[in-house]
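Tertiary structure, described
Now for the letters of each chain:
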Amino acid sequence: MGPFPGGNWKAGHYLLLLLGLYALVVTLGFALRGRQLSALRAEVGRAKEALFWAPEGYRLPIPGACLPSRPENLPNAPRPYRKGVNPGFIFVQGDACVPVLRGTGVVAAATGEVVKAETAHTPLSPEEKKALLDRVKGGATPEDMDLIRGLEVWIRHKDGRISVYAHLESVYPGLKVGMRLRRGDPIGDVGQTGLAPSARLLFELWEGRPDEGRFFGQGLGKEALLQSARALFAWPK
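Residues numbered from 1 in each chain as written. Predicted model: local features only at pLDDT ≥ 70, side-chain atom pairs only at ≥ 80, totals over all residues. Heavy atoms only, no water.

**Focus: the pairing of strand 1 (residues 88–92)**
- Counting buried positions along strand 1 yields five of five residues, so the element is predominantly enclosed.
- In this sheet, strand 8 (residues 200–207) lies alongside strand 1 in antiparallel orientation, the contact comprising five bridges. The residue bridging Phe89 from the neighbouring strand is Phe203, located in strand 8. (Buried < 20%, exposed > 50% of the residue type's maximum accessible area, 1.4 Å probe, protein only. Helix = DSSP H or I, 4+ residues; strand = E, 2+ residues; numbered from the N terminus. Pairing = 2+ DSSP bridges.)

So, in structure tokens, the structure goes:
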């Protein structure tokens, strides 16, 4: 008789029992370690997320460029369309401190998430451009604004602002909605799409959705606007 009623246990049975108990302990240990590792991975993920969205400053979207100085290239400049004003900074040859030509690289002004990335653009004919200008004199629909801006990328930043990069020649390969970019990451090249009369980058910075919220510097005079821009972009000139 073994130690249990009705059981005939031999040495091999005890060995099997011990091995089974050992396997159970090991399994429970791995399960516990697995839960700990999962919790650790989740904590690391939360830390990375917090780090990604940590406060950070802005830079100008063309490497080496300075702020435009001509009134016509600044926000609030009068326009015969788009509700009568220009909502962004225009970086163009001769007013950016660096060459601004078709193919000049454009980078993200700050860390954020891509919320719009156009990869194809059909140029407008002269007749279509004229019809578009006539149509948007009193305002423009979102569809009209897409035509005006040409090839464009939008990025939502940590502070809730959305930056717009318009008139692009091309978008950086692989760039797509949902992608996260770091400050200074490439997003495309300067172009002449939309209603741009020459190679240029139109850079807009909006509080809220573009064309619905307020654009950076809205309503400010030139000197106050440039002072605010120098502070935002940490630009000394």
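Here the narrative resumes, following the displayed structure.
**A short note on helix 4 (residues 222–233)**
- Taking 1.5 Å of rise per residue, the 12 residues of helix 4 would be expected to cover 16 Å, and the 16 Å separating its terminal C-alpha atoms lies within 8% of that figure.
- Along helix 4, the positions that sit buried rather than exposed are Leu225, Leu226, Ala229, Leu232 and Phe233. Along the axis of helix 4, the buried positions cluster into a sector of 125 degrees, meaning they face one direction only. The exposed residues of helix 4 that point more than 90 degrees off its buried face are Glu223, Gln227 and Ala231.
- Positive backbone phi, at 55 degrees, marks Ala234, one or two positions downstream of helix 4. (Expected span 1.5 Å × (residues − 1). Arc of directions from axis to C-beta.)

**Quick look at helix 3 (residues 142–149)**
- Within helix 3, burial applies to Asp144, Met145, Ile148 and Arg149. Viewed end-on, helix 3 has its buried residues packed into an arc of 130 degrees, placing them on one side of the element.
- Those residues of helix 3 that are buried lie in contact with helix 2 (126–135), strand 4 (151–157), strand 5 (161–171) and strand 8.
- Gly150 sits one or two positions beyond helix 3 and adopts a positive phi of about 70 degrees. (Contact = heavy atoms within 4.5 Å.)

**A few points about the state of the cysteines**
- All chains considered together, the criterion is met by one disulfide.
- Two residues, Cys66 and Cys97, share a disulfide whose sulfurs are 1.9 Å apart. Handedness here is read from the sign of the S-S torsion; for Cys66 and Cys97, about 85 degrees, the answer is right-handed. Pair noted here: Cys66 is in the loop between helix 1 (11–52) and strand 1 and Cys97 is in the loop between strand 1 and strand 2 (105–107), with a separation of 31 residues, a long-range link.
- Its relative accessible area of 54% is what places Cys97 among the exposed residues. (Disulfide = S-S within 2.5 Å.)

**Notes on the environment of Tyr165**
- Along the chain, the position of Tyr165 falls in strand 5.
- Among the polar contacts made by the side chain of Tyr165, one reaches the main-chain amide nitrogen of Ala109 at a distance of 2.9 Å.
- Within the structure, the side chain of Tyr165 is placed 2.8 Å from the side chain of Ser163, a separation counted as a polar contact. (Polar contact = N/O pair within 3.5 Å; in protein donor to acceptor, adjacent residues only side chain to side chain.)

**Here we look at the pattern of salt bridges**
- Within the structure shown, the criterion is met by 13 salt bridges.
- Between Lys116 and Glu118 there is a salt bridge, and its shortest N-O distance comes to 3.9 Å. This pair shows no difference in class: Lys116 is buried, exactly as Glu118 is.
- Residue Arg161 pairs with Asp159 through a salt bridge whose shortest N-O separation is 2.9 Å.
- Of the residues examined, Asp159 reaches a relative accessible area of 44% and is grouped as partly exposed.
- Connected through salt bridges with shared partners, the residues Lys116, Glu118, Asp146, Arg149, Glu152, Glu204 and Asp211 form a single ionic network. (Salt bridge = Lys/Arg side-chain N within 4 Å of Asp/Glu carboxyl O.)

**Some points on the side chain of Glu204**
- Looking at where Glu204 falls in the secondary structure, it is placed in strand 8.
- Residue class for Glu204 comes out buried when judged on its relative accessible area of 0%.
- Within polar-contact distance, the side chain of Glu204 engages the side chain of Arg149 at 2.8 Å.
- A polar atom in the side chain of Glu204 sits 2.8 Å from the side chain of Trp206.
- Glu204 has contacts with Arg82, Pro87, Gly88, Arg149, Ile162, Ser163 and Val164, leaving out every residue within four places of it along the chain.

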